[in-house]
Amino acid sequence: MPVVNQMAELQDEITEWRRTIHANPELNYDVHETATLVATKLEEFGCDEIVTGVGRTGVVGVIHGKDQSSGKVVGMRADMDALPITEATGKPYASRNSGLMHACGHDGHTAMLLGAAKYLSETRNFDGTTVVIFQPAEEGGAGGRAMVEDGLMERFNIQEVYGLHNYPGMPVGEFAIRSGPVMASTDEFFITVKGKGSHAAWPHLGVDPVMIAAQVITGLQTIVSRNTDPLDQLVISITMMEAGTATNIIPDTAKLSGTIRSLNPETRNDTIERVEKMARAICESYGADASIKMVSGYPPTVNHEIQTGQAKAIAEQVAGEDRVDGNVSPVMGGEDFAYMMNARPGAFIFMGNGETASLHHAEYDFNDEAIPYGTSYWIRMAETLMPA
Ligand code: NI
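These notes cover the structure that comes with them.

Analysis parameters
- Sequence order as written defines residue numbering, which begins from 1 separately in each chain.
- In view of the model being predicted, local features appear only for residues whose pLDDT reaches at least 70, and side-chain atom pairs are presented and counted only at 80 or more, with totals across whole chains, interfaces and linings using the full set of residues.
- To get the side-chain values, take all heavy atoms of the structure and skip hydrogens and water.
- Helix and strand definitions follow DSSP, with helices as H or I runs of at least four residues and strands as E runs of at least two, each counted in order from the N terminus.
- One less than the residue count of a helix, multiplied by 1.5 Å, gives the span that helix is expected to have.
- Each residue's exposure class comes from its accessible area (1.4 Å probe, protein chains only) as a fraction of the maximum for that residue type: buried when under 20%, exposed when over 50%, partly exposed otherwise.
- Throughout, a contact is declared for two residues whenever any of their heavy atoms are within 4.5 Å.
- In this analysis a donor is any N, O or S atom within 2.8 Å of a metal ion (3.2 Å for sodium, potassium and calcium), and since water is not included, sites may seem incomplete.
- Two strands are counted as paired when DSSP detects at least two bridges linking them.
- Axis definition: a line fitted to C-alpha atoms, limited for helices to the stretch in contact. Angles are taken between N-to-C directions and run from 0 to 180 degrees.
- By definition, a salt bridge exists where a carboxyl oxygen of Asp or Glu is found within 4 Å of a side-chain nitrogen of Lys or Arg.
- Grouping buried Ala, Val, Leu, Ile, Met, Phe, Trp, Tyr and Cys residues that are joined through side-chain atoms within 4.5 Å yields what is termed a nonpolar core.
- Should the near helix be turned anticlockwise from the far one by less than a right angle, the crossing is left-handed, and should it be turned clockwise, the crossing is right-handed.
- Each residue gets one label: Ala, Val, Leu, Ile, Met, Phe, Trp, Tyr, Cys and Pro are nonpolar, Asp, Glu, Lys and Arg are charged, and the others, such as Gly, are polar.

Overview of helix α8 (residues 305-319)
Between its first and last C-alpha atoms α8 spans 21 Å; for 15 residues at 1.5 Å apiece the expected length is 21 Å, and the two agree. All of the buried residues along α8 are Q307, T308, A311, I314, A315, E316, V318 and A319. Against β5 (160-167), β6 (175-176), β14 (301-303), β15 (324-325), β16 (346-352) and α10 (371-385) lie the buried residues of α8. Positioned one or two residues after α8, G320 has a phi angle of 100 degrees, which is positive.

See the structure below:
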């Protein structure tokens, strides 16, 4: 059975919510208006229980099926936060909050899960309990971890948990998933090379941190090319460099920072250790000191095998078998749904957003034509995993 029958009526309403959320983007944990909108809607739909303030500003809605004798509880998660980007879509519902925009489609994720909550609250055609989870701070603030640490799984007895993200470049109406790692860890490093300043014309009287920083950059790239199994994906990107004030002065220090992305917890830990060791050794070999700060980011997002199979089968029900890729290549971006799947088995699926600008781009917009697919995916999930 393809998209849910009543979707035609629901779609206009979900689109309206999506555009309201889009016009009012909020950052990080400060998603107060969005969380209020979500909680108000869940109340209107007649959800059995609505809890706000989970993981600071997260919202959870509980919907019991007609029957609960199966004892099953399935969690479905959407994210609510936006990004610090100035919107350039020119859409009539473009951001009204200057400098902020929904450039990752979390407006669409939230609206679709709300649509499913409305439908499931009305029909309740399942045996068990659906828990809809709306999290803050996906974009770097670890809102998913905050909710897990606030007892999300235990308080609502969640047994399995599922997430979804739109995917620009993939046609609308298609899904893609894979078992195992699907998104990367996201750690950051900050290196200060402490040399010794001097006149640029007397370099031998100083310790040039700019030249040493260049060696560090080159050295760190060999961790990917020489220390890591070519079949094991790893990215080290040095994205910031800062040094110096004039062409005739060798500065005292140079700063480098960047990110490490890995799909494998072991490679991740080895790389963090090696970056630190190598940067320090290179600096020392030139007579400089290194001060190094590592900041842990999200762990890799790893799909569980059984739940991936279930998610794939549900996507196939909605989209058709030939429109679901069950072995998509992982991506090296990060996703804090990782924390939820470290707490409970689950699966994270990608859904086509069509030929739109890429995620985190000022011209990106969530594609409202994808709404029936995402919403139907959530509805069918409740009805399929907890059949009445
Ligand atoms: Ni996102």
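Next, the rest of the story.
With respect to the coordination of the nickel ion
The protein atoms that coordinate the nickel ion are C104 (SG), H106 (NE2) and H165 (NE2), at distances spanning 2.2 to 2.3 Å. Mapping the donors of the nickel ion onto the primary sequence gives the spacing C-x1-H-x58-H. Across this residue pair, the class does not change: C104 and H106 are buried.

Overview of the sheet that holds β15
Taken in spatial order, the eight strands make up an open sheet running β1-β2-β4-β3-β5-β16-β6-β15, and their pairing is mixed. Every other strand in the sheet has two partners, leaving β1 (49-54) and β15 as the edge strands with one partner each. Sheet topology places β1 next to strand β2 (residues 58-64); five bridges connect them, and they run antiparallel. The partner of V51 across the bridge, within β2, is V60. Sheet contacts for helix α2 (residues 32-45): β1, β2 and β4 (129-135); angle to β2, the most-contacted strand, approximately 15 degrees.

Quick look at the pattern of salt bridges
Here the structure, examined in full by the defined rule, presents 18 salt bridges. The partner of D365 in a salt bridge is R18, with the nearest N and O atoms 2.9 Å apart. A residue pair is termed long-range when its members are at least 10 positions apart, and D365 in the loop between β16 and α10 and R18 in helix α1 (residues 7-23) qualify at 347 residues. The pair D365 / R18 is uniform in exposure class, with both members buried. Its salt-bridge partner being R380, residue E383 comes within 2.7 Å of it at the nearest N-O pair. Taken as a pair, E383 and R380 lie in helix α10 at a separation of three residues, close to a single helical turn. The same class applies to E383 and to R380, which are both buried. Sharing partners across several salt bridges, the network here consists of R18, R19, K91, D107, D365 and D368.

Some remarks on the nonpolar core
Counting 54 residues, the largest nonpolar core has L42, F134, Y162, F175, Y377, W378 and M381 as the members making the most contacts within it. Per-element accounting of this core gives the leading share, eight residues, to helix α3 (residues 106-123).

Looking at the packing of helix α6 (residues 209-226) against helix α7 (residues 265-285)
Packed helix pairs are characterised by how far apart their axes lie and by the angle those axes make with each other. Where α6 meets α7, the axes come as close as 9 Å, and the angle between the chain directions of the two elements is 150 degrees. The two elements α6 and α7 cross, and the hand of that crossing is right-handed. Contact with α6, carried on its side by I212, Q215, V216, G219, L220, T222 and I223, involves T271, R274, V275, M278, A279, I282 and C283 of α7 and no other residues of that element. Of the residues assigned to the contact of α6 with α7, the class counts are nine nonpolar, four polar and one charged.

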